[in-house]
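# Inside the fold
Residue-level listing of the chains:
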Amino acid sequence: PPSVHARNLPAAAGNADGTLTPAQLKELLKASSNKTRICQRCHKLQHQNVQSKRHYPDADKLLADVRINKDGMVVCVVDVVDFPASLVRNLSQLVGIEKPVLLVANKTDLLPERVQRAALITRLKRDATRFGIVNLHDVILTSAANGVGLFELCEQVAPFQAAGHNIYLVGCTNVGKSALIRGLRELAGMDVKAGPVTSIMPGTTVGMVEIPWDLSRLVEKNEDILDVAEPEDGASVEPASKQAEEKKIQPGSLYDTPGLFSNNQITHLLNHTELAIAIPSKQIRPVAHELRDAHTVFVGGLFRIDVESTEQPFNFTFYTGAQLPIHVCRTDRADGLYAKHRGMNTQFMLPPIGPERAAEFPALELWRAIPVEGAIDLCFGGLGWVYVTGQGTLHVSTPAGAPVLLQREPP
Ligand code: GDP
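Residues numbered from 1 in each chain as written. Predicted model: local features only at pLDDT ≥ 70, side-chain atom pairs only at ≥ 80, totals over all residues. Heavy atoms only, no water.

### Describing the overall build of the chain
Put simply, the test is: Helix numbering and strand numbering both begin at the N terminus, where a helix is a DSSP run of H or I of at least 4 residues and a strand a DSSP run of E of at least 2. Whether two residues touch is decided by their heavy atoms; if any such pair falls within 4.5 Å, the residues are in contact. All accessibility values rest on the Shrake-Rupley procedure with a 1.4 Å probe; residue burial counts only the protein chains present in the view.
From N to C terminus, the chain includes 14 helices and 14 strands. Counting only contacts in the chain whose residues sit at least 6 apart along the sequence, the fraction spanning at least 24 positions is 77%. Working note: accessible area of the chain is about 19100 Å², and carbon and sulfur atoms make up 50% of it.

### A closer look at the sheet that holds strand β1 (residues 73-79)
To keep it simple, the criterion reads: Any two strands are treated as partners once DSSP identifies two or more bridges connecting them. Axis angles are defined between N-to-C directions and span 0 to 180 degrees, where every axis is a line fitted to C-alpha atoms and, for a helix, only to the segment in contact.
Taken in spatial order, the six strands make up an open sheet running β3-β2-β1-β4-β6-β5, and their pairing is mixed. At either end of the open sheet lies a strand with only one pairing partner, and these are β3 (136-141) and β5 (209-211). Between one strand and the next, the sheet's axes are offset by a mean angle of 25 degrees, whatever the strand orientation. Of the pairings in the sheet, the one linking strand β4 (residues 167-171) to strand β6 (residues 254-256) comprises three bridges and is parallel in character. Bridging across to β6, L169 finds its partner in D256. The strands touched by helix α9 (residues 177-187) are β1, β2 (101-106), β4, β5 and β6; relative to β4, the strand with the most contacts, the crossing angle is about 145 degrees.

### A few points about the site of the ligand
Let me state the cut-off plainly: One heavy atom within 4 Å of a molecule or strand makes the whole residue count as near it. Polar contacts here mean pairs of N or O atoms no more than 3.5 Å apart (in protein, one a potential hydrogen donor and the other a potential acceptor; neighbouring residues in sequence count only if both atoms are side-chain atoms). By the convention adopted, Pro, Cys, Tyr, Trp, Phe, Met, Ile, Leu, Val and Ala count as nonpolar, Lys, Arg, Asp and Glu as charged, and the other residues, Gly among them, as polar.
Surrounding the ligand, one finds 17 residues, the nearest of these being D109, A144, K177, S178 and A179. Between the ligand and N174, the relevant distance is 2.9 Å, taken from an oxygen atom to a main-chain nitrogen or oxygen of the residue. Relative to its free-state accessible area of 580 Å², the ligand is covered by the protein chains to the extent of 85%. Tallying contributions element by element places α9 first for the shell around the ligand, with three residues. Counted by class, the shell around the ligand contains six nonpolar, eight polar and three charged residues.

### Observations regarding a negative patch on the surface
Cut-off, in case you're wondering: Residues form patches when they are more than 30% accessible in relative terms and have no salt bridge. Like charges link within 9 Å. Nonpolar side chains (Val, Leu, Ile, Met, Phe, Trp, Tyr) link within 5 Å. Whenever a carboxyl oxygen of Asp or Glu lies within 4 Å of a side-chain nitrogen of Lys or Arg, that contact is scored as a salt bridge. In this tally, Lys and Arg are treated as positive and Asp and Glu as negative; His is ignored, and so are the chain termini. Lysine's charge is taken at NZ, arginine's at CZ, aspartate's at CG and glutamate's at CD. Only protein chains enter the area calculation, which uses a 1.4 Å probe; residues under 20% of their type maximum are buried, those over 50% are exposed, and those in between are partly exposed.
Judged by side-chain charge, E152, E155, E220, E223, D224 and D227 come together as a negatively charged surface patch. Inspection of the secondary structure assignment puts E152 in helix α8 (residues 150-162). E152 sits in the partly exposed class, given a relative accessible area of 35%.

### Some details on the packing of aromatic side chains
Filter applied, for reference: When two rings of Phe, Tyr or Trp (its six-membered ring) have centres within 6.5 Å they constitute a pair, described as stacked for plane angles under 30 degrees, edge-to-face for angles over 60, and tilted for the intermediate range. Distance and angle both matter: a charge sits over a ring if NZ of Lys or CZ of Arg is within 6 Å of the ring centre and within 35 degrees of the ring normal.
In total, this model carries seven aromatic pairs according to the counting rule given. The interplanar angle of 15 degrees and the centroid separation of 5.6 Å between the aromatic rings of Y168 and Y255 together place this pair among those described as stacked. Of this pair, Y168 sits in strand β4 while Y255 sits in strand β6, and the two are 87 residues apart along the sequence. As far as burial versus exposure is concerned, Y168 and Y255 are alike and both buried. A centroid spacing of 6.0 Å and a plane angle of 5 degrees characterise the contact between F298 and Y338, whose relative ring orientation is stacked. With F298 in strand β8 (residues 295-299) and Y338 in helix α13 (residues 331-341), this pair connects stretches of sequence that are 40 residues apart. With a relative accessible area of 16%, Y338 lands in the buried category. Here the aromatic cluster, defined as three or more aromatic residues joined through ring pairs, consists of F303, F314, F316, F318 and F380. Over the face of the ring belonging to F131 we find R89, whose NZ or CZ atom lies 3.9 Å from the ring centre.

### What about unusual backbone geometry?
Glycine aside, residues mostly have negative phi angles, and peptide bonds mostly take the trans form. Following F83, the chain continues to P84 via a peptide bond in cis, the omega torsion being 5 degrees. Examined against the element boundaries, P84 turns out to sit in the loop between β1 and α6 (91-95). With an omega of -15 degrees, the peptide bond running from L350 to P351 counts as cis. Looking at the element boundaries, P351 is found in the loop between α13 and α14 (355-360).

### A look at helix α7 (residues 117-130)
Quick reminder of the rule: Each residue after the first adds 1.5 Å to the expected span of a helix. It is the directions from the helix axis to the C-beta atoms that the arc portrays.
Counted at 1.5 Å a residue, the expected span for α7 with its 14 residues is 20 Å, and the 20 Å between its end C-alpha atoms agrees. All buried positions along α7 are accounted for by L120, R123, L124, D127 and A128. The arc enclosing the buried residues of α7, seen along the axis, measures out at 135 degrees, which places them on a common side. The exposed residues of α7 that point more than 90 degrees off its buried face are A118, T122 and T129. A positive phi of about 105 degrees marks G132, the residue just after α7.

### Description of the confidence of the model for the chain
Note the cut-off: For every residue, the predictor states its confidence as a pLDDT score lying anywhere from 0 to 100.
Residues of the chain with pLDDT of at least 70 account for 76%, and the chain-wide mean is 82. Highest mean pLDDT in the chain belongs to β2 (98); lowest belongs to helix α3 (residues 50-53) (39). In this model, residues 1-14 is a region of pLDDT below 50 whose contacts with residues beyond four sequence positions or in other chains number 32 contacts. Low confidence marks residues 33-38, where pLDDT is under 50. Its contacts with residues over four positions away, or in another chain, come to eleven contacts.

### Examining the packing of α8 against α9
A pair of packed helices is captured by two measures, namely the crossing angle of their axes and the spacing between those axes. Our working definition: Oblique is the label for every angle not falling under 35 degrees (roughly parallel), over 145 degrees (roughly antiparallel), or within 65 to 115 degrees (roughly perpendicular).
One can describe the packing of α8 onto α9 by two numbers: an axis separation of 10 Å at closest approach and a directional angle of 80 degrees. Comparing the axis directions of α8 and α9 gives the class roughly perpendicular. Between α8 and α9, the contacting residues are L150, F151, L153 and C154 on the first element and L180, G183, L184 and L187 on the second. Classifying every residue of the contact of α8 with α9 gives seven nonpolar, one polar and no charged.

### So, the nonpolar core
Under the convention used in this document: Residues enter a nonpolar core if they are buried and are Ala, Val, Leu, Ile, Met, Phe, Trp, Tyr or Cys, with the set joined through side-chain atoms within 4.5 Å. Each domain's extent was defined by an automatic or database domain assignment.
V75, L91 and L103 are the most contacted members of the largest nonpolar core, which has 63 residues in total. When residues of this core are sorted by domain, at least three fall in each of domain 1 (59-262) and domain 2 (267-407). The residues touching L103, leaving out its near neighbours within four places in the chain, are C76, V78, L87, L124, A128, I133, L136, D138, V139 and I140. V297, W367, I370 and F380 belong to the second-largest nonpolar core, a separate cluster that totals 30 residues.

Here's what the structure looks like:
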């Protein structure tokens, strides 16, 4: 039935950048306990113990429509602060091995200053190949939030589209696919209000959708947008627009596909209110903590790392959203604090938010004991990452022992 969707609940009424003040958070807690009619799917997304009860559709099924089309270009969007967790594994197999894949690393506005763009692109290329993109066309950095890279994205796909190939946008939930579509349509001078919905809630797009995207106005202003890059041997290439005109080729269409679920994303477990405080919404400012032996750090109520160091203290640098609380305590006090404060108004162990959610949320369980000699980083599945240096062992606990991605080098 037509009803109120979770994304329209007061939770969406945070600040324009998605952040919440403590007072707004309180309001939200109150509002979410009021009886509001919402659709069943949104209700499940908001209230259920999603890990044990939710069914995640298979990427293989969700991308079947893309796979059966013989040609076309795939634009794979990833969240740059959640990489490689937000890169769907074996993408080329899922979309058809021969299709060129343009990797778009979105949300670059969140990256701290110190991340070097060239090194990042090298790493993205390496990991794209490592995780199963066979025909990598190129890698570009974008921010749907401030428009960076959108013109370059058009430049990359326009010649393909003009030559009659469809463009398929694919990506895990929450990487900003809908926001990018809005940006692309805006750049093409189209009415963005009629476009897809952008929501903080994962899984908002259901089924493959054709997106009206007419590049003619953009092409009028920037004729060379349809030119294909000259090959290195210097031979000139006829612009795709000219070829298409001569052969009377219909331009291809732009398709959005359903958001895919990655096992490494913790964001699936969170409801709308929790996502609003947990995912970074502004440029990340790294926060450093020194942890001595027998100390523990909690990241909200979502991750716990116990430190056993053999020599010097460990250095932790957190690259997470400003509103996600980081709390350090002695390991012998950690269980007690967790039992008392998780989800509570004391606010240093959120999310989950509220006693009800704390009761139904998967409890923290030891995932792995990781020996460290030097540096590692741990990705928090959509919530950022932590770079750790030191010597000893880290005991990492996650909701129901869910896996965390490990990288040797900082992104
Ligand atoms: P989708 O599930 O991939 O379609 O993702 P959405 O477009 O719905 O975006 C998910 C969340 O990420 C929303 O809260 C967006 O406002 C946010 N978002 C999308 N793109 C960007 C970006 O470039 N920068 C930042 N900071 N946030 C973004």
